[in-house]
Amino acid sequence: MRALPVRIEALPGTDPQMAARLTRRSLGFNALEPLPYLILAIERMGVRVLGLPWNADTVDAFCAWAGPIPTIALASNVPGDRLRWTVAHELAHLILHRDAMPGKQAEVEADAFAAELLTPIDAIRQQMPAHPTLQTLTMMKSQWRVSIKSLVRRARELGVVDQERATSLYRQISARGWNKAEPGYVPIEKPRALKKKVEIAIPGGHRELFAAEMGWSLELADMVLDQHASADDLPSGADSFDPFAGSVVVPLMGRQKRF
C-alpha cells in the first residue's frame, strides 16, 4: 500500500484550544483521559516523524511542511515528558501556522494547543488537588505524562493557585535541579514509520541496503534507525500499529523509491 495519506487538518486562525480538541478527536482519543501515546497517533494521521541522532541544549525538535507532507524531526536524549510536549507544540505549528511568520504569538498559541491536547482543561479541573504540592503534581505527571511545570501552569490557569504560589513552585523546581530532568516516570516515545518501512521494503531489514539506498555510512544508518521503534518497543495498546503492510513508497534522499 502507499504511504499513509495526510489526514491532519490545517486550521489557521482557529482558537488553539479548540484546534487541540478537534485534533484530539481526530486522533481517536476522548477528552477526559491521558493520551496513551502521541507520536504513533500522529504518524497514523500522515505526519512524518523522524528521529535524529543529534541533540542540542536549545532545540528538542523542529517541524516543516515538506511539500504536502507535514514533518517533525526529533532530537535524541530528550526526557519523555518534554518530548511529548515538544511534539504537541510542533504539531500545533503544522496545524495553526503553516503559512504564518514565526514569532512570539505563534509560540504562545502552540503552547496553548499543546496544553489542551495533552491535559484537557475540563479533565484536569476534575483531578487537580485543591492545594497542589510538588509531590501531588509528580503523581499527576506520571498519570498524564506531562511535566510538573506544565501542571503548575494548569493549576494557575484554573485559579487553584495564585501567581505568588505558582512562582514559588517554579522556584522550588529550579532549586531542586528539575528544569531539565524532573522526577516521575514518563516513557520515551519513538517514531515507528521509518523503521517499519525499512523492515517491509528491505528483506530482513538489512541496514546495509538501507544505508546504500540513502547514500549514508552504515554507522549513520544505524544511528538513525536506532532512534525509531521496533515492534517490541511499541507502547501498550499500539501493538497493532502496522499501516505499511504491502508495497510502500519510501522517500529516499529527496526522491521516491517503490518496493
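Here, the structure is the one placed above.
For the structure given in this document, a descriptive report is provided here. (Residues numbered from 1 in each chain as written. Predicted model: local features only at pLDDT ≥ 70, side-chain atom pairs only at ≥ 80, totals over all residues. Heavy atoms only, no water.)

### Examining the overall build of the protein
So, point 1. A count of helices and strands for the protein gives 11 helices and five strands.
So, point 2. Buried positions account for 44% of the 259 residues belonging to the protein.
So, point 3. Contacts spanning at least 24 positions in sequence make up 66% of the contacts within the protein whose residues lie at least 6 apart. (Helix = DSSP H or I, 4+ residues; strand = E, 2+ residues; numbered from the N terminus. Buried < 20%, exposed > 50% of the residue type's maximum accessible area, 1.4 Å probe, protein only. Contact = heavy atoms within 4.5 Å.)

### Considerations on unusual backbone geometry
Leaving glycine aside, a negative phi is the common case for residues, and trans is the common case for peptide bonds.
So, point 1. Here the phi dihedral of Asn77 falls at roughly 60°; this positive angle occurs in a residue that is not glycine.
So, point 2. Backbone geometry at Arg145 places phi at a positive 60°, although glycine is not the residue there.
So, point 3. The residue Arg145 is located in the loop between helix H6 (134-144) and helix H7 (148-158) in this model.

### Describing the pairing of strand E3 (residues 69-74)
So, point 1. Across the six residues that make up E3, a large majority, five, are buried.
So, point 2. The pairing of strand E1 (residues 48-51) with E3 spans four bridges and is parallel. Counted as the bridge partner of Val49 is Ile72 from E3.
So, point 3. Sheet topology places strand E2 (residues 61-66) next to E3; six bridges connect them, and they run antiparallel. Directly across from Cys63, in E3, lies its bridge partner Ile72.
So, point 4. Linking two consecutive strands that pair antiparallel, namely E2 and E3, is a turn of two residues; a positive phi of about 65° is found at Gly67 within it. (Pairing = 2+ DSSP bridges.)

### Details of the sheet that holds E1
So, point 1. Strand order in the open sheet made by the three strands is E1-E3-E2, with mixed pairing throughout. Strands with a single pairing partner mark the edges of an open sheet, and in this sheet they are E1 and E2. Neighbour-to-neighbour, the strand axes of this sheet turn through a mean angle of 20°, independent of strand direction. (Axes fitted to C-alpha atoms, helices over the stretch in contact; angles between N-to-C directions.)

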